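Chain by chain, the residues run as shown.
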2 protein chains.
Amino acid sequence: MNRYSISGFVLFCQYLIFCSVFSCKPKTDVPPYVIAIHGGAGTIGKKNMTPEREEAYKQALTEALDLGEKILAEGGSALDAVEKTVEWLENNPLFNAGKGAVFTHEGTHELDASIMDGKTLAAGAVGGVRTIRNPIKLARKVMENSPHVFLAGRGAESFGLLHGLDTVSNSWFDTEHRRDSWQKALENERQDSLHGQGYLNQSDDIRFGTVGCVALDRNGNLAAATSTGGMTNKRWGRLGDSPVIGAGTYAENGVAAVSCTGDGEYFIRSAVAYDLVARMKYGGQSLKQAGDAIIHQKLPAMGGMGGLISLDAQGNIHLPFNSEGMYRAWAKPGSRSINIFESFN
Amino acid sequence: MNRYSISGFVLFCQYLIFCSVFSCKPKTDVPPYVIAIHGGAGTIGKKNMTPEREEAYKQALTEALDLGEKILAEGGSALDAVEKTVEWLENNPLFNAGKGAVFTHEGTHELDASIMDGKTLAAGAVGGVRTIRNPIKLARKVMENSPHVFLAGRGAESFGLLHGLDTVSNSWFDTEHRRDSWQKALENERQDSLHGQGYLNQSDDIRFGTVGCVALDRNGNLAAATSTGGMTNKRWGRLGDSPVIGAGTYAENGVAAVSCTGDGEYFIRSAVAYDLVARMKYGGQSLKQAGDAIIHQKLPAMGGMGGLISLDAQGNIHLPFNSEGMYRAWAKPGSRSINIFESFN
């Protein structure tokens, strides 16, 4: 070999080393679409759950998943998938969102929702809505038909009316199950002398409750949506994390989509949804590392319970929770999972 | 020199190199306290400003700074300093917060505020408040006397009444200057056929307006507070970033305290206040790098105008803005700065 072929050989070796260091990571196959949903987290123990009730929840999660998956499979957008799936969950009285929302201290319903498009970082959120049948549709209208992101109370309802959304009387959201929870919470409050503080001291299964959906579509776009009736017996116009972009909901193409459920106050203070995205963007954490750090370390250290559903741009799914259970499900072509109690990842 | 002394010399050299790489960075002297304030950002051009008006703003910023600095100098908490300073700014009709707040579309005032304690990550926020004289005091009450973080509308006011806060009629917030801006905005809207979109098309000096304060106290605690009347001619219960923890306000001990002002919608979508903290925590960016990346790159790329005030745990100060001006000031022992137009860092 002359000096040129030796130099060539050395260069070739350097090229191989370069490749092995920078390029030859195992390729991940990004699935064409992915969807994940949740129906709230809390003390959802087997002891509180009859087989019939468990079956009803699993059936509802399956139907919601079917709806969202169909949209994505047919080439629909992540944004449409999350909106329509959350709308379906709002219409199902099993879940604390839309029909079936919990009662406020005054015996009314105040609904919160938000939606975010990872492609544009456009977002819409509504808080304290009483008469719009599907708050998630209102959130999307705010996103697409106003210069604003966040509308609250009567004003948000006026905006919904202007845009032709279906309205209902506030009592339309009533269900017997939620009325019983409210009455129980009022009774707990009566027993508690510490007015204004004690009413959080109720069993977890009536504290939590939210629905949410995250999706990755065939065009690589991410989206997230969240909707809730909030906390049973809430008062003073309390807003949780669900209508707060960055706390309950966030989506950013190339990074992740997130929807949260749990102790809303802790999720706001930790900006949970955006924190997950930031840990990935700036800290190089994986979806799983970021979600686990928040749900299993940061929040419990503060005293916060709950969970989140998340997808990254590569189609990885992570649904961590630190409560006893979380109604949750996910699907991608050829596989799906529906769970309530046991943690699967 | 024998082989042992040569080895010793080599080890010593390696030690010196190690020190120079890892340990011998110039030490920063953390000042005992630091405070920074803002009174809003926007198209605050010299052409719109008489010398008298400029002097009035500078005088107001000076007095607010004096108040906050006195609290910190005497060993008061960062939390007290930011609350009391923002309360003072709310009471000054020059600024769009409290007395002097802008008018809504309907000719009323709807006030938003939030406060955060970096030591505990406790936070309080209120949105759409009409009759509480000092919304920042209400935000602190929410933080300290309720299990909640975020209260809105009439409910938030009921909570304030329960806790003995001063109330006023909504018209108490009226000022002639803001009424004129509102009338001008209504006229612009009439000229604009694109109902519901066009009313943002007004001059910037009436779009922006917020007050805020960040502080580092003698115990190393950080805090942040923000208060605003929102956008002139706002409607539909619009909330901006000021009451959104993570968007308009954030404080985390060991990292930074932030208060924002500008196009609230962009600040919500980018979770600006928490984004600054996250860039520092996870990305290792300095306070200046993080603030500049957000204000001079990320937001302008989306179309968002505004600025922020920020302090880090080492007492560094950074007050970036991408608008023509931002009312701003800072102080630490032995030095202070008060500016409106020119960017000083």
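Up top is the structure these notes are about.
Let me begin by describing the structure that accompanies this report. Everything numeric in this text was worked out from a predicted model, so none of it was measured. (Residues numbered from 1 in each chain as written. Chains lettered and ligands numbered in written order. Predicted model: local features only at pLDDT ≥ 70, side-chain atom pairs only at ≥ 80, totals over all residues. Heavy atoms only, no water.)

**A word on the relation of the copies chain A and chain B**
What connects the two chain copies is a rotation about an axis and a shift along it.
No. 1: Laying chain A over chain B is done by rotating through 180° and shifting 0.0 Å along the axis; what remains is an RMSD of 0.0 Å. Look at the turn and shift together and you get a two-fold axis relating the two.
No. 2: Residue by residue, 100% of the interface of chain A is reproduced at the interface of chain B, so both copies engage with the same surface. (Least-squares fit on C-alpha atoms with pLDDT ≥ 70 in both. Contact = heavy atoms within 4.5 Å.)

**Some details on the nonpolar core**
No. 1: The biggest cluster of nonpolar side chains holds 98 residues, and the ones touching the most others in it are Phe150(A), Leu276(A), Phe150(B) and Leu276(B).
No. 2: The contact partners of Leu276(A), leaving out residues within four places of it in the chain, are Ala256(A), Val258(A), Leu287(A), Ala290(A), Gly291(A), Ile294(A), Leu308(A) and Ser310(A).
No. 3: Membership of the second largest hydrophobic core comes to 47 residues, among which are Tyr33(B), Ala81(B), Ile132(B) and Phe159(B). (Core = buried A, V, L, I, M, F, W, Y, C linked by side-chain atoms within 4.5 Å. Buried < 20%, exposed > 50% of the residue type's maximum accessible area, 1.4 Å probe, protein only.)

**A word on unusual backbone geometry**
All names here are of chain B.
No. 1: For Trp236, which is not a glycine, the phi torsion comes out positive at approximately 60°.
No. 2: Despite not being glycine, Ala271 has its phi angle at roughly 45°, a positive value.
No. 3: Relative to the elements of secondary structure, Ala271 occurs in the loop between α8 (264-269) and α9 (272-283). (Helix = DSSP H or I, 4+ residues; strand = E, 2+ residues; numbered from the N terminus.)

**Quick notes on the sheet that holds strand β8 (residues 249-252) of chain B**
Residue and element names in this part refer to chain B.
No. 1: Spatially, the four strands line up as an open sheet ordered β8-β9-β10-β11, and their pairing is antiparallel. For this open sheet the edge positions go to β8 and β11 (317-318), each flanked by a neighbour on one side alone.
No. 2: One ladder, built from seven bridges, connects strand β9 (residues 256-262) with strand β10 (residues 306-312); its direction is antiparallel. The residue of β10 that forms the bridge with Ala256 is Asp312.
No. 3: Packing of α9 onto the sheet brings it into contact with β8, β9 and β10, and relative to β9 it is tilted by some 145°.
No. 4: Each of β9, β10 and β11 touches helix α10 (residues 287-302); the most contacted strand, β10, lies at about 165° to it. (Pairing = 2+ DSSP bridges. Axes fitted to C-alpha atoms, helices over the stretch in contact; angles between N-to-C directions.)

**Some thoughts on the side chain of Thr85(A)**
No. 1: Relative to the helices and strands, Thr85(A) is located in helix α3 (residues 78-91).
No. 2: With sequence-adjacent residues up to four places away left out, Thr85(A) is seen in contact with Ile35(A), Ile37(A), Ala64(A), Leu67(A), Gly68(A) and Cys213(A).

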